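One letter stands for each residue in the lines below.
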Amino acid sequence: MTQHSFPAITVVWFKRDLRLQDHAPLQYAASQSAPVLPLYLFEPDIMADDHYSERHWRFVWQSLLDLEQQLKTVGAAMHVSYESAASFFKRLAGQFAQITVVSYAETGLHCTYQRDQQLVKLFRELGITWREFAYGGVVRALKERHQWLTHWHEAMRAPQQTPALQTMHWLTDRSLVMRLPKALSEALHRPDKAMQTGGERRAQDTLQSFIAARHAQYHRHISSPLNSINSCSRLSAYLAWGNLSIRQVYQAIVTPGRKLPASLRAFVSRLHWHCHFIQKFESECEQQFRHINSGYAAFPYREDAASEQLLEAWQTGNTGVPMVDACMRSVAQTGYLNFRMRAMLVSFLSHYLLIDWRRGVQHLARQFLDFEPGIHYPQFQMQAGVTGTNTLRIYNPVKQAQDNDPQGEFIRRWVPEIAHLANEDLFAPWQMPPIAQMSMETPVPAPYHCPVIIPEADIDKHRELLWKWRERDEVKHHAKRIVKRHSNPQR
Ligand SMILES: Cc1cc2nc3c(=O)[nH]c(=O)nc-3n(C[C@H](O)[C@H](O)[C@H](O)COP(=O)(O)OP(=O)(O)OC[C@H]3O[C@@H](n4cnc5c(N)ncnc54)[C@H](O)[C@@H]3O)c2cc1C
(Lines give C-alpha, C1' and ligand atoms only; values in the text may rest on other atoms or scores of the structure.)
Protein backbone atom coordinates (compact mmCIF):
# COMPACT_ATOMS: atom_id res chain seq x y z
CA MET A 1 0.00 0.00 0.00
CA THR A 2 1.30 3.50 -0.87
CA GLN A 3 2.34 5.50 2.18
CA HIS A 4 1.14 9.07 1.56
CA SER A 5 2.97 11.99 3.20
CA PHE A 6 -0.20 14.14 3.39
CA PRO A 7 -3.92 13.43 3.56
CA ALA A 8 -5.67 15.82 1.16
CA ILE A 9 -5.04 18.74 -1.17
CA THR A 10 -6.96 21.02 -3.55
CA VAL A 11 -4.95 21.96 -6.62
CA VAL A 12 -5.99 25.16 -8.41
CA TRP A 13 -4.65 24.50 -11.89
CA PHE A 14 -4.18 27.85 -13.66
CA LYS A 15 -4.19 27.77 -17.44
CA ARG A 16 -5.63 30.71 -19.41
CA ASP A 17 -6.97 32.31 -16.22
CA LEU A 18 -3.89 33.95 -14.72
CA ARG A 19 -5.53 36.12 -12.07
CA LEU A 20 -6.62 35.96 -8.46
CA GLN A 21 -9.83 37.99 -8.73
CA ASP A 22 -13.15 36.71 -10.07
CA HIS A 23 -11.81 33.20 -10.22
CA ALA A 24 -14.37 30.44 -9.67
CA PRO A 25 -11.90 27.56 -9.10
CA LEU A 26 -10.03 29.61 -6.49
CA GLN A 27 -13.29 30.51 -4.78
CA TYR A 28 -14.25 26.85 -4.70
CA ALA A 29 -10.84 25.90 -3.28
CA ALA A 30 -11.29 28.51 -0.55
CA SER A 31 -14.48 26.78 0.56
CA GLN A 32 -12.69 23.45 1.08
CA SER A 33 -10.87 22.41 4.24
CA ALA A 34 -7.89 20.89 2.39
CA PRO A 35 -4.81 23.07 1.84
CA VAL A 36 -4.63 24.77 -1.56
CA LEU A 37 -1.84 24.42 -4.09
CA PRO A 38 -1.79 27.09 -6.86
CA LEU A 39 -0.25 25.43 -9.91
CA TYR A 40 0.90 26.38 -13.39
CA LEU A 41 2.45 23.89 -15.79
CA PHE A 42 4.58 24.83 -18.77
CA GLU A 43 3.73 21.70 -20.75
CA PRO A 44 6.40 20.82 -23.35
CA ASP A 45 3.91 19.33 -25.84
CA ILE A 46 1.64 22.36 -25.71
CA MET A 47 4.56 24.78 -25.95
CA ALA A 48 5.81 22.96 -29.04
CA ASP A 49 2.48 23.34 -30.82
CA ASP A 50 2.74 25.41 -34.01
CA HIS A 51 0.23 28.01 -32.81
CA TYR A 52 2.53 29.25 -30.09
CA SER A 53 5.70 31.29 -29.99
CA GLU A 54 7.98 32.60 -27.29
CA ARG A 55 5.98 35.82 -26.93
CA HIS A 56 3.04 33.85 -25.49
CA TRP A 57 5.10 32.07 -22.86
CA ARG A 58 6.86 35.32 -21.90
CA PHE A 59 3.44 36.90 -21.30
CA VAL A 60 2.45 33.88 -19.20
CA TRP A 61 5.68 34.09 -17.23
CA GLN A 62 5.16 37.80 -16.53
CA SER A 63 1.62 36.99 -15.39
CA LEU A 64 2.93 34.30 -13.06
CA LEU A 65 5.49 36.67 -11.53
CA ASP A 66 2.64 39.05 -10.79
CA LEU A 67 0.60 36.26 -9.16
CA GLU A 68 3.64 35.21 -7.17
CA GLN A 69 4.13 38.73 -5.81
CA GLN A 70 0.49 38.99 -4.81
CA LEU A 71 0.46 35.53 -3.21
CA LYS A 72 3.59 36.32 -1.22
CA THR A 73 1.69 38.99 0.72
CA VAL A 74 -0.65 36.29 2.08
CA GLY A 75 2.10 33.78 2.78
CA ALA A 76 1.38 31.61 -0.26
CA ALA A 77 3.49 30.60 -3.26
CA MET A 78 2.88 29.49 -6.84
CA HIS A 79 4.12 26.11 -7.91
CA VAL A 80 5.39 26.30 -11.47
CA SER A 81 6.84 23.34 -13.28
CA TYR A 82 8.04 22.45 -16.78
CA GLU A 83 6.56 19.03 -17.43
CA SER A 84 3.52 17.29 -18.82
CA ALA A 85 0.34 17.36 -16.76
CA ALA A 86 0.29 13.55 -16.65
CA SER A 87 3.79 13.35 -15.20
CA PHE A 88 3.10 16.08 -12.61
CA PHE A 89 -0.16 14.58 -11.34
CA LYS A 90 1.28 11.06 -11.19
CA ARG A 91 3.99 12.40 -8.89
CA LEU A 92 1.49 14.29 -6.78
CA ALA A 93 -0.67 11.19 -6.41
CA GLY A 94 2.26 9.52 -4.68
CA GLN A 95 2.28 12.23 -2.00
CA PHE A 96 -1.38 12.92 -1.24
CA ALA A 97 -4.12 10.50 -0.34
CA GLN A 98 -6.93 12.65 -1.71
CA ILE A 99 -6.49 15.13 -4.56
CA THR A 100 -9.09 17.49 -5.98
CA VAL A 101 -8.09 19.46 -9.07
CA VAL A 102 -10.08 22.58 -9.92
CA SER A 103 -9.69 24.54 -13.16
CA TYR A 104 -11.61 26.43 -15.83
CA ALA A 105 -12.95 24.36 -18.73
CA GLU A 106 -10.73 25.19 -21.69
CA THR A 107 -12.05 25.81 -25.21
CA GLY A 108 -8.70 25.01 -26.67
CA LEU A 109 -6.81 23.50 -29.55
CA HIS A 110 -6.71 19.82 -30.42
CA CYS A 111 -3.52 19.43 -28.35
CA THR A 112 -5.18 20.57 -25.10
CA TYR A 113 -8.32 18.57 -25.89
CA GLN A 114 -6.22 15.43 -26.30
CA ARG A 115 -4.34 16.17 -23.09
CA ASP A 116 -7.63 16.54 -21.24
CA GLN A 117 -8.94 13.25 -22.63
CA GLN A 118 -5.82 11.48 -21.37
CA LEU A 119 -6.06 13.18 -18.00
CA VAL A 120 -9.67 12.13 -17.48
CA LYS A 121 -8.52 8.53 -17.88
CA LEU A 122 -5.46 8.98 -15.69
CA PHE A 123 -7.37 10.77 -12.95
CA ARG A 124 -9.87 7.92 -12.88
CA GLU A 125 -7.01 5.45 -12.38
CA LEU A 126 -5.37 7.58 -9.70
CA GLY A 127 -8.61 8.46 -7.91
CA ILE A 128 -8.16 12.20 -8.52
CA THR A 129 -11.31 14.33 -8.65
CA TRP A 130 -11.36 17.02 -11.38
CA ARG A 131 -13.87 19.82 -11.20
CA GLU A 132 -14.11 22.22 -14.14
CA PHE A 133 -15.84 25.61 -14.13
CA ALA A 134 -17.48 27.36 -17.07
CA TYR A 135 -15.54 30.11 -18.85
CA GLY A 136 -17.37 33.45 -19.20
CA GLY A 137 -20.67 32.95 -20.98
CA VAL A 138 -19.52 29.78 -22.76
CA VAL A 139 -21.60 26.63 -22.30
CA ARG A 140 -20.14 23.14 -22.73
CA ALA A 141 -22.04 20.60 -24.84
CA LEU A 142 -24.53 23.24 -25.99
CA LYS A 143 -26.88 21.85 -28.63
CA GLU A 144 -28.48 25.09 -29.86
CA ARG A 145 -28.35 28.81 -29.11
CA HIS A 146 -31.95 29.47 -28.12
CA GLN A 147 -31.39 30.93 -24.66
CA TRP A 148 -27.70 31.63 -25.05
CA LEU A 149 -27.89 35.43 -25.00
CA THR A 150 -30.00 35.41 -21.84
CA HIS A 151 -27.46 33.10 -20.28
CA TRP A 152 -24.59 35.38 -21.35
CA HIS A 153 -26.22 38.43 -19.72
CA GLU A 154 -26.86 36.47 -16.54
CA ALA A 155 -23.23 35.32 -16.44
CA MET A 156 -22.01 38.90 -16.94
CA ARG A 157 -24.27 40.30 -14.19
CA ALA A 158 -23.62 37.54 -11.65
CA PRO A 159 -21.51 38.46 -8.60
CA GLN A 160 -17.77 38.10 -9.04
CA GLN A 161 -16.09 35.18 -7.33
CA THR A 162 -13.15 36.61 -5.45
CA PRO A 163 -12.11 34.73 -2.32
CA ALA A 164 -10.34 36.38 0.63
CA LEU A 165 -6.82 35.15 -0.07
CA GLN A 166 -5.51 35.95 3.42
CA THR A 167 -7.95 33.56 5.11
CA MET A 168 -7.32 30.66 2.75
CA HIS A 169 -5.51 27.55 3.87
CA TRP A 170 -2.49 27.46 1.56
CA LEU A 171 -0.13 24.57 1.18
CA THR A 172 3.17 25.90 2.43
CA ASP A 173 6.00 23.69 1.43
CA ARG A 174 9.60 24.58 0.65
CA SER A 175 9.49 22.58 -2.53
CA LEU A 176 6.94 25.05 -3.97
CA VAL A 177 9.01 26.98 -6.40
CA MET A 178 8.86 28.60 -9.80
CA ARG A 179 11.42 26.48 -11.55
CA LEU A 180 12.08 26.37 -15.27
CA PRO A 181 14.94 24.97 -17.35
CA LYS A 182 17.75 27.55 -17.55
CA ALA A 183 17.50 28.31 -21.28
CA LEU A 184 13.74 28.75 -21.11
CA SER A 185 13.92 30.87 -17.99
CA GLU A 186 16.53 33.16 -19.59
CA ALA A 187 14.46 33.56 -22.74
CA LEU A 188 11.28 34.37 -20.84
CA HIS A 189 13.02 36.82 -18.54
CA ARG A 190 14.34 38.80 -21.50
CA PRO A 191 12.00 41.78 -21.76
CA ASP A 192 10.40 42.72 -25.06
CA LYS A 193 9.53 46.39 -24.85
CA ALA A 194 7.51 46.41 -28.08
CA MET A 195 4.93 44.00 -26.63
CA GLN A 196 2.39 44.39 -23.85
CA THR A 197 3.54 43.02 -20.51
CA GLY A 198 1.47 40.32 -18.85
CA GLY A 199 0.03 40.45 -15.33
CA GLU A 200 -3.21 40.97 -13.46
CA ARG A 201 -2.24 44.39 -12.18
CA ARG A 202 -1.14 45.59 -15.64
CA ALA A 203 -4.46 44.38 -16.95
CA GLN A 204 -6.34 46.37 -14.32
CA ASP A 205 -4.34 49.50 -15.19
CA THR A 206 -5.08 49.04 -18.89
CA LEU A 207 -8.79 48.64 -18.19
CA GLN A 208 -8.85 51.74 -15.99
CA SER A 209 -7.00 53.90 -18.51
CA PHE A 210 -9.48 52.83 -21.21
CA ILE A 211 -12.48 53.68 -19.06
CA ALA A 212 -11.00 56.96 -17.81
CA ALA A 213 -10.03 58.46 -21.16
CA ARG A 214 -8.86 56.23 -23.99
CA HIS A 215 -12.35 55.03 -24.97
CA ALA A 216 -13.46 58.49 -26.17
CA GLN A 217 -12.44 57.88 -29.82
CA TYR A 218 -12.94 54.09 -29.75
CA HIS A 219 -15.58 53.79 -32.46
CA ARG A 220 -13.90 56.44 -34.67
CA HIS A 221 -10.39 54.99 -34.47
CA ILE A 222 -11.18 51.29 -34.41
CA SER A 223 -10.21 50.68 -38.06
CA SER A 224 -7.06 52.77 -38.05
CA PRO A 225 -3.96 50.62 -37.53
CA LEU A 226 -2.19 53.55 -35.85
CA ASN A 227 -4.91 55.18 -33.75
CA SER A 228 -6.38 51.89 -32.55
CA ILE A 229 -3.17 51.31 -30.60
CA ASN A 230 -4.33 53.92 -28.12
CA SER A 231 -8.08 54.17 -28.68
CA CYS A 232 -8.97 50.49 -28.63
CA SER A 233 -9.05 48.89 -25.20
CA ARG A 234 -5.92 46.74 -25.76
CA LEU A 235 -7.43 44.21 -23.39
CA SER A 236 -7.31 41.26 -25.77
CA ALA A 237 -4.08 39.69 -24.49
CA TYR A 238 -5.22 40.19 -20.89
CA LEU A 239 -8.52 38.49 -21.68
CA ALA A 240 -6.92 35.72 -23.74
CA TRP A 241 -4.58 34.77 -20.90
CA GLY A 242 -7.15 35.48 -18.23
CA ASN A 243 -5.45 38.35 -16.41
CA LEU A 244 -9.00 39.70 -16.40
CA SER A 245 -12.31 37.90 -16.63
CA ILE A 246 -14.75 39.08 -19.26
CA ARG A 247 -17.21 39.71 -16.41
CA GLN A 248 -14.78 42.04 -14.63
CA VAL A 249 -14.52 44.14 -17.78
CA TYR A 250 -18.28 44.09 -18.34
CA GLN A 251 -19.06 45.11 -14.75
CA ALA A 252 -16.45 47.86 -14.75
CA ILE A 253 -18.41 49.50 -17.59
CA VAL A 254 -22.04 48.44 -17.38
CA THR A 255 -23.43 49.68 -14.09
CA PRO A 256 -27.15 49.97 -13.25
CA GLY A 257 -28.64 53.31 -14.29
CA ARG A 258 -25.58 54.41 -16.29
CA LYS A 259 -26.23 55.52 -19.87
CA LEU A 260 -23.22 54.49 -21.91
CA PRO A 261 -21.74 56.75 -24.60
CA ALA A 262 -21.65 55.36 -28.17
CA SER A 263 -17.99 54.42 -27.81
CA LEU A 264 -18.60 52.19 -24.80
CA ARG A 265 -21.78 50.70 -26.27
CA ALA A 266 -19.71 49.64 -29.29
CA PHE A 267 -17.10 48.23 -26.95
CA VAL A 268 -19.55 46.20 -24.85
CA SER A 269 -20.91 44.55 -27.99
CA ARG A 270 -17.37 43.25 -28.62
CA LEU A 271 -17.35 41.62 -25.19
CA HIS A 272 -20.40 39.73 -26.29
CA TRP A 273 -18.69 38.75 -29.57
CA HIS A 274 -15.74 37.47 -27.56
CA CYS A 275 -17.89 34.77 -25.94
CA HIS A 276 -20.06 34.28 -29.04
CA PHE A 277 -17.04 33.24 -31.11
CA ILE A 278 -15.57 31.04 -28.39
CA GLN A 279 -18.96 29.35 -28.09
CA LYS A 280 -18.85 28.63 -31.85
CA PHE A 281 -15.49 26.93 -31.48
CA GLU A 282 -16.59 25.11 -28.33
CA SER A 283 -19.59 23.71 -30.21
CA GLU A 284 -17.62 22.76 -33.35
CA CYS A 285 -13.92 22.43 -32.62
CA GLU A 286 -13.31 20.58 -35.92
CA GLN A 287 -13.02 24.12 -37.31
CA GLN A 288 -9.35 23.85 -36.46
CA PHE A 289 -8.91 21.43 -39.35
CA ARG A 290 -11.65 21.92 -41.91
CA HIS A 291 -13.86 24.59 -43.42
CA ILE A 292 -16.91 24.99 -41.21
CA ASN A 293 -18.93 24.88 -44.45
CA SER A 294 -18.00 21.58 -46.14
CA GLY A 295 -19.28 23.02 -49.41
CA TYR A 296 -15.84 24.65 -49.72
CA ALA A 297 -13.94 21.35 -49.48
CA ALA A 298 -13.17 21.34 -53.22
CA PHE A 299 -12.61 25.09 -53.59
CA PRO A 300 -9.75 25.52 -56.11
CA TYR A 301 -7.12 27.17 -53.93
CA ARG A 302 -3.63 27.50 -55.37
CA GLU A 303 -1.34 24.64 -54.41
CA ASP A 304 1.44 25.02 -56.95
CA ALA A 305 5.09 25.60 -56.05
CA ALA A 306 4.71 29.34 -56.65
CA SER A 307 2.07 29.51 -53.92
CA GLU A 308 4.81 28.63 -51.40
CA GLN A 309 6.68 31.78 -52.41
CA LEU A 310 3.53 33.85 -52.22
CA LEU A 311 2.83 32.47 -48.77
CA GLU A 312 6.34 33.28 -47.63
CA ALA A 313 6.08 36.83 -48.98
CA TRP A 314 2.81 37.25 -47.04
CA GLN A 315 4.28 35.82 -43.84
CA THR A 316 7.41 37.92 -43.91
CA GLY A 317 5.80 41.19 -45.03
CA ASN A 318 7.47 41.27 -48.45
CA THR A 319 4.56 41.14 -50.87
CA GLY A 320 5.24 44.58 -52.31
CA VAL A 321 1.73 45.73 -51.30
CA PRO A 322 2.55 48.41 -48.71
CA MET A 323 -0.40 48.05 -46.32
CA VAL A 324 -0.14 44.26 -46.24
CA ASP A 325 3.59 44.40 -45.52
CA ALA A 326 3.22 47.16 -42.91
CA CYS A 327 0.62 45.12 -41.02
CA MET A 328 2.62 41.93 -41.14
CA ARG A 329 5.85 43.59 -40.02
CA SER A 330 4.07 45.53 -37.31
CA VAL A 331 2.37 42.48 -35.78
CA ALA A 332 5.64 40.53 -35.90
CA GLN A 333 7.28 43.22 -33.75
CA THR A 334 4.43 44.27 -31.47
CA GLY A 335 2.10 41.26 -31.26
CA TYR A 336 -0.88 43.54 -31.93
CA LEU A 337 -3.04 44.49 -34.87
CA ASN A 338 -6.53 45.98 -34.95
CA PHE A 339 -9.50 44.01 -36.23
CA ARG A 340 -9.80 45.57 -39.69
CA MET A 341 -6.17 44.96 -40.55
CA ARG A 342 -6.33 41.36 -39.32
CA ALA A 343 -9.33 40.86 -41.58
CA MET A 344 -7.48 42.48 -44.49
CA LEU A 345 -4.47 40.16 -44.04
CA VAL A 346 -6.74 37.10 -44.21
CA SER A 347 -8.62 38.51 -47.17
CA PHE A 348 -5.35 39.17 -49.00
CA LEU A 349 -4.21 35.59 -48.36
CA SER A 350 -7.46 33.87 -49.32
CA HIS A 351 -9.00 36.18 -51.90
CA TYR A 352 -6.08 37.90 -53.62
CA LEU A 353 -3.43 35.17 -53.38
CA LEU A 354 -6.08 32.41 -53.46
CA ILE A 355 -4.27 30.43 -50.77
CA ASP A 356 -6.18 28.17 -48.39
CA TRP A 357 -6.60 29.98 -45.03
CA ARG A 358 -5.33 26.86 -43.24
CA ARG A 359 -1.85 27.55 -44.59
CA GLY A 360 -1.73 30.93 -42.83
CA VAL A 361 -3.76 30.46 -39.68
CA GLN A 362 -0.93 29.20 -37.48
CA HIS A 363 1.46 31.89 -38.62
CA LEU A 364 -0.86 34.64 -37.42
CA ALA A 365 -1.61 32.72 -34.20
CA ARG A 366 2.11 32.83 -33.44
CA GLN A 367 2.16 36.58 -34.10
CA PHE A 368 -0.92 37.57 -32.09
CA LEU A 369 0.00 38.01 -28.44
CA ASP A 370 -3.72 37.65 -27.76
CA PHE A 371 -4.03 34.34 -29.62
CA GLU A 372 -7.31 32.82 -28.48
CA PRO A 373 -8.23 29.66 -30.43
CA GLY A 374 -11.97 30.19 -29.95
CA ILE A 375 -11.87 33.63 -31.59
CA HIS A 376 -9.01 33.09 -34.01
CA TYR A 377 -10.41 30.10 -35.91
CA PRO A 378 -14.01 31.25 -36.42
CA GLN A 379 -12.79 34.77 -37.34
CA PHE A 380 -10.22 33.39 -39.76
CA GLN A 381 -12.85 31.26 -41.51
CA MET A 382 -15.31 34.15 -41.58
CA GLN A 383 -12.79 36.56 -43.13
CA ALA A 384 -11.65 33.90 -45.59
CA GLY A 385 -15.28 33.65 -46.70
CA VAL A 386 -15.73 29.92 -46.17
CA THR A 387 -18.75 29.99 -43.87
CA GLY A 388 -21.32 30.59 -46.59
CA THR A 389 -23.37 32.51 -44.02
CA ASN A 390 -21.61 35.85 -43.59
CA THR A 391 -21.39 38.61 -46.18
CA LEU A 392 -18.34 38.02 -48.33
CA ARG A 393 -15.94 40.91 -47.61
CA ILE A 394 -12.96 41.35 -49.89
CA TYR A 395 -10.72 44.00 -48.37
CA ASN A 396 -8.81 45.96 -50.99
CA PRO A 397 -5.42 46.72 -49.36
CA VAL A 398 -4.99 49.95 -51.35
CA LYS A 399 -8.39 51.31 -50.31
CA GLN A 400 -7.80 50.20 -46.71
CA ALA A 401 -4.58 52.22 -46.72
CA GLN A 402 -6.25 55.29 -48.26
CA ASP A 403 -9.17 55.15 -45.80
CA ASN A 404 -7.41 54.15 -42.60
CA ASP A 405 -3.88 55.53 -42.97
CA PRO A 406 -4.53 58.57 -45.16
CA GLN A 407 -1.27 60.30 -44.28
CA GLY A 408 0.69 57.08 -44.68
CA GLU A 409 2.22 57.27 -41.19
CA PHE A 410 1.68 53.60 -40.42
CA ILE A 411 3.09 52.47 -43.75
CA ARG A 412 6.12 54.77 -43.47
CA ARG A 413 6.85 53.48 -39.97
CA TRP A 414 6.87 49.83 -40.98
CA VAL A 415 8.00 49.98 -44.60
CA PRO A 416 10.74 52.61 -44.34
CA GLU A 417 12.21 51.71 -47.73
CA ILE A 418 9.30 53.52 -49.40
CA ALA A 419 8.93 56.31 -46.82
CA HIS A 420 10.19 58.85 -49.35
CA LEU A 421 7.24 58.34 -51.69
CA ALA A 422 4.57 61.00 -51.90
CA ASN A 423 1.18 60.08 -50.44
CA GLU A 424 -0.41 59.65 -53.87
CA ASP A 425 2.22 57.00 -54.75
CA LEU A 426 2.69 55.36 -51.35
CA PHE A 427 -0.36 53.08 -51.29
CA ALA A 428 0.16 51.52 -54.74
CA PRO A 429 3.70 52.33 -55.94
CA TRP A 430 3.43 49.95 -58.92
CA GLN A 431 0.93 52.37 -60.45
CA MET A 432 3.60 55.08 -60.81
CA PRO A 433 4.40 55.77 -64.47
CA PRO A 434 7.88 54.43 -65.37
CA ILE A 435 9.00 57.91 -66.33
CA ALA A 436 8.13 59.22 -62.86
CA GLN A 437 10.02 56.33 -61.26
CA MET A 438 13.08 56.93 -63.42
CA SER A 439 13.26 60.57 -62.46
CA MET A 440 13.33 59.81 -58.70
CA GLU A 441 16.53 60.35 -56.76
CA THR A 442 15.84 57.24 -54.65
CA PRO A 443 14.21 54.63 -56.87
CA VAL A 444 11.20 52.60 -55.76
CA PRO A 445 12.76 49.41 -54.41
CA ALA A 446 11.67 45.91 -55.37
CA PRO A 447 9.17 44.50 -54.73
CA TYR A 448 7.17 47.75 -54.46
CA HIS A 449 7.25 48.58 -58.15
CA CYS A 450 6.58 44.95 -58.97
CA PRO A 451 4.55 43.28 -56.17
CA VAL A 452 3.93 39.52 -55.96
CA ILE A 453 0.50 40.24 -57.41
CA ILE A 454 -1.05 43.42 -58.72
CA PRO A 455 -4.13 43.62 -56.49
CA GLU A 456 -6.38 45.28 -59.06
CA ALA A 457 -5.37 42.91 -61.88
CA ASP A 458 -6.80 39.55 -60.77
CA ILE A 459 -9.37 40.38 -58.16
CA ASP A 460 -12.39 40.60 -60.50
CA LYS A 461 -11.75 37.02 -61.63
CA HIS A 462 -11.32 35.85 -58.04
CA ARG A 463 -14.41 37.76 -56.86
CA GLU A 464 -16.53 36.09 -59.53
CA LEU A 465 -15.21 32.67 -58.51
CA LEU A 466 -15.91 33.32 -54.83
CA TRP A 467 -19.46 34.58 -55.40
CA LYS A 468 -20.30 31.76 -57.82
CA TRP A 469 -19.03 29.17 -55.38
CA ARG A 470 -21.22 30.65 -52.67
CA GLU A 471 -24.27 29.98 -54.84
CA ARG A 472 -23.61 26.23 -54.96
CA ASP A 473 -26.33 24.00 -53.51
CA GLU A 474 -23.85 22.26 -51.24
CA VAL A 475 -22.66 25.56 -49.76
CA LYS A 476 -26.24 26.72 -49.21
CA HIS A 477 -27.19 23.41 -47.67
CA HIS A 478 -24.35 23.58 -45.10
CA ALA A 479 -24.99 27.29 -44.51
CA LYS A 480 -28.46 26.38 -43.22
CA ARG A 481 -26.95 23.93 -40.78
CA ILE A 482 -24.42 26.53 -39.58
CA VAL A 483 -27.09 29.18 -38.99
CA LYS A 484 -29.20 26.69 -37.05
CA ARG A 485 -26.27 25.57 -34.90
CA HIS A 486 -24.42 28.81 -34.26
CA SER A 487 -26.54 31.85 -34.82
CA ASN A 488 -28.28 33.58 -32.02
CA PRO A 489 -32.07 33.74 -32.42
CA GLN A 490 -32.35 36.33 -29.61
CA ARG A 491 -30.39 39.03 -31.45
C1 LIG B 1 -8.49 36.87 -38.54
C2 LIG B 1 -8.75 37.38 -37.15
C3 LIG B 1 -8.18 36.72 -36.07
C4 LIG B 1 -8.41 37.17 -34.77
N5 LIG B 1 -7.82 36.50 -33.74
C6 LIG B 1 -8.04 36.91 -32.46
C7 LIG B 1 -7.43 36.23 -31.37
O8 LIG B 1 -6.70 35.25 -31.55
N9 LIG B 1 -7.67 36.70 -30.12
C10 LIG B 1 -8.49 37.78 -29.89
O11 LIG B 1 -8.67 38.18 -28.73
N12 LIG B 1 -9.09 38.42 -30.92
C13 LIG B 1 -8.89 38.03 -32.19
N14 LIG B 1 -9.50 38.71 -33.22
C15 LIG B 1 -10.52 39.74 -32.93
C16 LIG B 1 -10.04 41.19 -32.82
O17 LIG B 1 -9.28 41.56 -33.93
C18 LIG B 1 -9.24 41.45 -31.53
O19 LIG B 1 -9.94 40.95 -30.41
C20 LIG B 1 -9.02 42.94 -31.28
O21 LIG B 1 -8.41 43.52 -32.40
C22 LIG B 1 -8.14 43.10 -30.04
O23 LIG B 1 -7.90 44.44 -29.75
P24 LIG B 1 -8.57 45.17 -28.49
O25 LIG B 1 -8.45 44.34 -27.25
O26 LIG B 1 -8.00 46.54 -28.42
O27 LIG B 1 -10.08 45.15 -28.94
P28 LIG B 1 -11.35 46.03 -28.55
O29 LIG B 1 -11.91 46.53 -29.83
O30 LIG B 1 -11.04 47.00 -27.51
O31 LIG B 1 -12.39 44.92 -28.04
C32 LIG B 1 -12.47 44.49 -26.68
C33 LIG B 1 -12.44 42.99 -26.61
O34 LIG B 1 -13.54 42.42 -27.30
C35 LIG B 1 -13.14 41.23 -27.95
N36 LIG B 1 -13.28 41.42 -29.41
C37 LIG B 1 -13.06 42.56 -30.11
N38 LIG B 1 -13.33 42.36 -31.41
C39 LIG B 1 -13.72 41.09 -31.52
C40 LIG B 1 -14.14 40.28 -32.62
N41 LIG B 1 -14.22 40.77 -33.84
N42 LIG B 1 -14.46 39.00 -32.38
C43 LIG B 1 -14.40 38.48 -31.13
N44 LIG B 1 -14.02 39.19 -30.06
C45 LIG B 1 -13.68 40.47 -30.25
C46 LIG B 1 -11.68 41.00 -27.58
O47 LIG B 1 -11.62 40.16 -26.45
C48 LIG B 1 -11.21 42.40 -27.25
O49 LIG B 1 -10.12 42.41 -26.37
C50 LIG B 1 -9.27 38.28 -34.55
C51 LIG B 1 -9.83 38.94 -35.65
C52 LIG B 1 -9.57 38.50 -36.93
C53 LIG B 1 -10.17 39.23 -38.09
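Residues numbered from 1 in each chain as written. Predicted model: local features only at pLDDT ≥ 70, side-chain atom pairs only at ≥ 80, totals over all residues. Heavy atoms only, no water.

Caption draft 1: Highlighting the site of the ligand. Around the ligand, the surrounding shell holds 28 residues, and the nearest of these are Y218, S233, R234, H274 and D370. With respect to the ligand, the side chain of H376 contributes an N or O atom lying 3.2 Å from a nitrogen atom. Q379 is positioned such that a nitrogen or oxygen atom in its side chain is 3.1 Å from a nitrogen atom of the ligand. Contact with the protein chains hides 98% of the accessible area of the ligand, taken as 820 Å² for the molecule alone. Listed by contribution, the elements that provide at least two residues to the shell around the ligand are α11 (236–240), α13 (262–283), α16 (339–352) and α18 (373–384). Taken together, the residues of the shell around the ligand break down into 16 nonpolar, seven polar and five charged. Shared between two domains, the shell around the ligand holds at least three residues of each, these being domain 2 (198–283) and domain 3 (288–486). (Near = heavy atom within 4 Å. Polar contact = N/O pair within 3.5 Å; in protein donor to acceptor, adjacent residues only side chain to side chain. Areas by Shrake-Rupley, 256 points an atom, 1.4 Å probe, with all protein chains shown as cover. Helix = DSSP H or I, 4+ residues; strand = E, 2+ residues; numbered from the N terminus. Nonpolar A, V, L, I, M, F, W, Y, C, P; charged D, E, K, R; others polar. Domains from an automatic or database assignment.)

Caption draft 2: Examining the pattern of salt bridges more closely. Scanning all chains against the criterion turns up 24 salt bridges. The closest approach of N and O atoms between R140 and E132, which form a salt bridge, is 3.8 Å. It is possible to trace a salt-bridge network through shared partners that takes in K15, E43, E106, R115 and D116. (Salt bridge = Lys/Arg side-chain N within 4 Å of Asp/Glu carboxyl O.)

Caption draft 3: Spotlight on the sheet that holds strand β5 (residues 129–133). Spatial strand order, β3-β2-β1-β4-β5: five strands in an open sheet with parallel pairing. Unpaired on one side and paired on the other, β3 (79–82) and β5 mark the two borders of the sheet. Adjacent strand axes in the sheet meet at a mean angle of 25° when their direction is disregarded. The pairing of strand β4 (residues 96–104) with β5 spans five bridges and is parallel. What sits directly across from S103, in β5, is E132. Sheet strands in contact with helix α4 (residues 85–93) are β1 (6–14), β2 (36–42), β3 and β4, and its direction is about 150° off that of β2. (Pairing = 2+ DSSP bridges. Axes fitted to C-alpha atoms, helices over the stretch in contact; angles between N-to-C directions. Contact = heavy atoms within 4.5 Å.)

Caption draft 4: Here's a closer look at helix α7 (residues 182–189). Along α7, the residues classified as buried are L184, S185, A187 and L188. Seen from one end, α7 has its buried residues packed into an arc of 165°, which puts them on one side. Turned more than 90 degrees from where α7 packs its buried face, K182 and A183 sit exposed. Among the structural elements, β2, α2 (44–47), α3 (54–72) and β3 are those in contact with the buried residues of α7. (Buried < 20%, exposed > 50% of the residue type's maximum accessible area, 1.4 Å probe, protein only. Arc of directions from axis to C-beta.)

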